[in-house]
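Listed below, chain by chain, are the residues.
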Amino acid sequence: MPRMTMIEAIRSALDVSMERDDDVVVFGEDVGYFGGVFRCTQGLQQKYGKTRCFDVPINESGIVGTAIGMAAYGLKPCVEVQFADYMYPAYDQITQEAARLRYRSNGDFSCGITIRMPTGGGIFGGQTHSQSPEALFTHVCGLQVVVPSNPYDAKGLLISSIENPDPVIFLEPKRLYNGPFDGHHDRPVTSWAGHPLGEVPADHYTIALGQAVVRRPGSAVTVLAYGTMVHVAEATAEETGIDAEVIDLRTLLPLDLDTIVASVKKTGRCMVVHEATLTSGFGAELVALVQEHCFYHLEAPVMRVAGWDTPYPHAQEWDYFPGPARVGQALRDMMEA
């Protein structure tokens, strides 16, 4: 089986989808000739031509607005917003048009678009290249939100997103593009070459949206994470010796509540780890759901470890980033509660 980075897995998903269906089109800033700032679309224009993979002006509202029109006519656009931080000019189109089209047309139209966005920090991108805006999308009825943590999932989830008849926000943790990251920034960089989830089938396969997966079985505490934080949580559990069950949510909407509830009822404790700002982050929704469905099984308050309530700092990146030190201390505190 081929081994791929997350970049290569995303490119393979786009390639497979475009080859299977002529209605799939790919466009965005620099995605055509240049192959994208992270090279996720490299070679697609040469293979499929300038009408199916093309560059557009720096206009995020125009990118998404054009995709909505295409989808209404039956095409399947997969567009790229170069960084998730740049999506704000398109937020009106995403939330007021794409998310509402099926509802407002009483099912006469759907909006099968996929919006890819590199997300998160850990690359010294500073405040305008490191944001994690997933909570802004999970609040909107009509959207689906996906955050893969590895190449295998990235390909299967992206193909499922492209084939989905409704709009999908596909957030790609940029720190994971070339290898897993456990939060130890002072250690040598690792690649996906030796990781089991770096093995990615070359052909078509899908992973259903709304299905979480247990990455590390455990009995002492449930850790809910997604994206880069899955690897941080796994590493922290090993380093602390705490028998944590780590759940990779994979999709935030739809959310696999059954897997979460089953785990928390087993362990009696729950911690949520995400990179986004703490206040009103998606972790708050997870905490509320766990409290509602698992109240009589909890042996300690549900805890959150997240980014600080501040713009993402460049100079203090590793203070903001929820690394093993912060997550480990929170786990120890929870076990003593």
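Residues numbered from 1 in each chain as written. Predicted model: local features only at pLDDT ≥ 70, side-chain atom pairs only at ≥ 80, totals over all residues. Heavy atoms only, no water.

- In the annotation of an unreviewed UniProt entry, the entry for the protein chain reads 3-methyl-2-oxobutanoate dehydrogenase (2-methylpropanoyl-transferring), and the organism field reads Neorhizobium turbinariae.

### Points about the packing of helix α9 (residues 257–267) against helix α10 (residues 282–294)
Okay, step 1: It is the contact of α9 with α10, at a shortest axis distance of 10 Å, that shows an interaxial angle of 60 degrees. Classified by the angle between their axes, α9 and α10 sit oblique to one another. Viewed along their axes, α9 and α10 form a crossing whose handedness is right-handed. Of the residues in α10, those touching α9 at Leu257, Ile260, Val261, Val264 and Lys265 are Leu286, Leu289, Val290, His293 and Cys294.
Okay, step 2: Classifying every residue of the contact of α9 with α10 by side-chain character gives 8 nonpolar, 1 polar and 1 charged. (Axes fitted to C-alpha atoms, helices over the stretch in contact; angles between N-to-C directions. Helix = DSSP H or I, 4+ residues; strand = E, 2+ residues; numbered from the N terminus. Parallel < 35°, antiparallel > 145°, perpendicular 65-115°, else oblique. Left-handed = near helix turned anticlockwise from the far one by under 90°. Contact = heavy atoms within 4.5 Å. Nonpolar A, V, L, I, M, F, W, Y, C, P; charged D, E, K, R; others polar.)

### Things to note about the side chain of Arg269
Okay, step 1: Topologically, Arg269 is positioned in the loop between α9 and β11 (270–277).
Okay, step 2: The exposure class of Arg269 is buried, given its relative accessible area of 10%.
Okay, step 3: In terms of polar contacts, Arg269 uses its side chain to reach the backbone carbonyl oxygen of Met334, at 3.2 Å. (Buried < 20%, exposed > 50% of the residue type's maximum accessible area, 1.4 Å probe, protein only. Polar contact = N/O pair within 3.5 Å; in protein donor to acceptor, adjacent residues only side chain to side chain.)

### Section: helix α7 (residues 151–163)
Okay, step 1: If you check α7, its first and last C-alpha atoms are 18 Å apart, about what 13 residues at 1.5 Å a residue would give, namely 18 Å.
Okay, step 2: For α7, the buried fraction is high: 11 of the 13 residues fall into the buried class.
Okay, step 3: Listed as buried for α7 are Pro151, Asp153, Ala154, Lys155, Gly156, Leu157, Leu158, Ile159, Ser160, Ser161 and Ile162.
Okay, step 4: Measuring from the side-chain oxygen of the N-cap residue of α7 to the backbone nitrogen of Tyr152 gives 3.2 Å; that N-cap residue is Asn150. (Expected span 1.5 Å × (residues − 1).)

### Describing the nonpolar core
Okay, step 1: Residues Ile10, Leu14, Leu158 and Met271 are the most contacted members of the largest nonpolar core, which totals 55 residues.
Okay, step 2: With 8 residues, the top contributor of residues to this core is helix α1 (residues 6–20).
Okay, step 3: Sequence-distant contacts of Leu158, that is, excluding residues within four places in its chain, are made with Ile10, Ala13, Leu14, Cys78, Thr114, Arg116, Asp153 and Phe170.
Okay, step 4: Ranked by size, the runner-up nonpolar core spans 47 residues in total, among them Ala90, Val145, Val264 and Val287. (Core = buried A, V, L, I, M, F, W, Y, C linked by side-chain atoms within 4.5 Å.)

### Here's the deal with the packing of aromatic side chains
Okay, step 1: A full pass over the atoms with the stated rule returns 13 aromatic pairs.
Okay, step 2: Aromatic pair Tyr91 and Phe137: ring centres 5.9 Å apart, planes at 55 degrees, arrangement tilted. Within this pair, whereas Tyr91 is found in helix α4 (residues 91–98), its partner Phe137 is found in helix α6 (residues 134–138), the two being separated by 46 residues in sequence.
Okay, step 3: Residue classification places Tyr91 among the partly exposed positions, given a relative accessible area of 24%.
Okay, step 4: Centre to centre, the rings of Tyr226 and Phe282 are 6.4 Å apart; their planes meet at 75 degrees, and the pair counts as edge-to-face. Here Tyr226 is found in the loop between β8 (221–225) and α8 (228–240), whereas its partner Phe282 is found in helix α10, with 56 residues between them in sequence. (Phe/Tyr/Trp six-rings, centres within 6.5 Å; stacked < 30°, edge-to-face > 60°.)

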